[in-house]
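Understanding the architecture of this molecule
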Amino acid sequence: MLALTLEEFMVELNDGAIKNVGPNNKAVTAKMFDVESAEAREFGDKRVKLVFEDEDDNEIQISLFPEDVQKIVDDIDALEDESAIFD
């Protein structure tokens, strides 16, 4: 399941083209639940791309620098040591 929260979001749809309407103060929060597949792969010369897909073929791609990926790996390692989630 993919849930999107759009704030201050207004676009114009005209003949199949989407155009921004109003100021550039838009924000979005994306949440994906029930992920069916997840993978990490190289993205360009300096980044790692994380790709998540759910059962409905919704996909989220996130590009991170290696140091940001390492922070996530450290967080997961800490969860493995301290939380019952991985038991």
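That block above? That's the structure.
What you see as residue numbers is a count from 1 along each chain, following the sequence as written. Totals for whole chains, interfaces and linings use all residues, but because this is a predicted model, local features are given only for residues with pLDDT of at least 70 and pairs of side-chain atoms are given and counted only at 80 or more. Side-chain numbers come from the whole structure's heavy atoms, not from hydrogens or water.

1. Side note on the side chain of K49
Numbering goes from the N terminus for both helices and strands, where a helix is a DSSP run of H or I of at least four residues and a strand is a run of E of at least two. For K49, the location among the structural elements is in strand 6 (residues 47-54). Among the polar contacts made by the side chain of K49, one reaches the side chain of Q61 at a distance of 3.0 Å. In this structure K49 touches E39, A40, R41, F43, Q61, I62 and S63, once residues within four positions along its chain are discounted. What qualifies as a polar contact is a pair of N or O atoms within 3.5 Å, subject to a donor-acceptor requirement within protein and to the restriction that residues adjacent in sequence count only when both atoms come from side chains. Contact between two residues is taken to exist if any of their heavy atoms lie within 4.5 Å; hydrogens are not considered.

2. Description of a negative patch on the surface
On the surface, D34, E36, E55, D56, D57 and E59 cluster together into a patch of negative charge. When you line up the elements, D34 lands in the loop between strand 4 (27-32) and strand 5 (35-43). Residues qualify for a patch when their relative accessible area is over 30% and they have no salt bridge, like charges being joined within 9 Å and the nonpolar side chains of Val, Leu, Ile, Met, Phe, Trp and Tyr within 5 Å. Only the protein chains shown count as cover for residues, and the accessible areas themselves come from Shrake-Rupley with a 1.4 Å probe. Should a side-chain nitrogen of Lys or Arg be within 4 Å of a carboxyl oxygen of Asp or Glu, the pair is scored as a salt bridge. Only four residue types enter the tally: Lys and Arg on the positive side, Asp and Glu on the negative side; His and the chain ends are excluded. The location of each charge is read from NZ of Lys, CZ of Arg, CG of Asp or CD of Glu.

3. Some remarks on the sheet that holds strand 7 (residues 59-64)
Strands qualify as paired when DSSP identifies two bridges or more between them. Read across the sheet, three strands follow the order 5-6-7 without closing on themselves; strand pairing throughout is antiparallel. The sheet terminates laterally at strand 5 and strand 7, the two strands that pair on one side only. Each neighbouring strand pair of the sheet contributes to a mean axis angle of 15°, computed without reference to strand direction. In this description, a line fitted to the C-alpha atoms serves as the axis of each element, helices being fitted only across the stretch in contact, and the angle between N-to-C directions of two axes falls anywhere from 0 to 180 degrees.

4. A short note on the pattern of salt bridges
Opposite charge on two side chains makes pairing possible when the charged atoms of those side chains draw close. Within this structure, the stated rule accounts for two salt bridges. Put simply, E39 and R41 hold a salt bridge, and the shortest N to O gap is 2.9 Å. The rule is simple: take the accessible area with a 1.4 Å probe, protein chains only, and divide by the maximum for that residue type; under 20% is buried, over 50% is exposed, in between is partly exposed. In this structure E39 comes out as partly exposed when scored by relative accessible area, which is 42%. The partly exposed category is assigned to R41, whose relative accessible area is 34%.

5. A few points about the side chain of D54
If you trace the backbone, D54 turns up in strand 6. Within the structure, D54 has its side chain in polar contact with the backbone nitrogen of N58 (distance 2.9 Å). Ignoring anything within four residues of it in the chain, the contact list for D54 reads M1, L2, M32, F33, D34, V35 and E36.

6. A closer look at the packing of aromatic side chains
Here the aromatic set is Phe, Tyr and Trp, taking the six-membered ring for Trp, and pairing holds for ring centres within 6.5 Å; pairs whose planes are under 30 degrees apart are stacked, those over 60 apart are edge-to-face, and all others are tilted. Summed over all chains, the structure comprises zero aromatic pairs. Sitting above the plane of the F65 ring, R47 keeps its charged end 4.1 Å from the centroid. Any Lys NZ or Arg CZ found within 6 Å of a ring centre and within 35 degrees of that ring's normal is scored as a charge over the ring.

7. Observations regarding the environment of N58
By the secondary structure assignment, N58 is in the loop between strand 6 and strand 7. In sequence terms N58 and F86 are 28 residues apart; their C-alpha atoms lie 26 Å from each other. Non-local contacts of N58, meaning those with residues more than four positions away in its chain, are made with L2, M32, F52 and E53.

8. Some points on the environment of D57
On the secondary structure map, D57 appears in the loop between strand 6 and strand 7. We classify D57 as exposed; its relative accessible area is 59%. Spatially, the C-alpha atoms of D57 and V35 are 9.7 Å apart, while their sequence positions differ by 22 residues.

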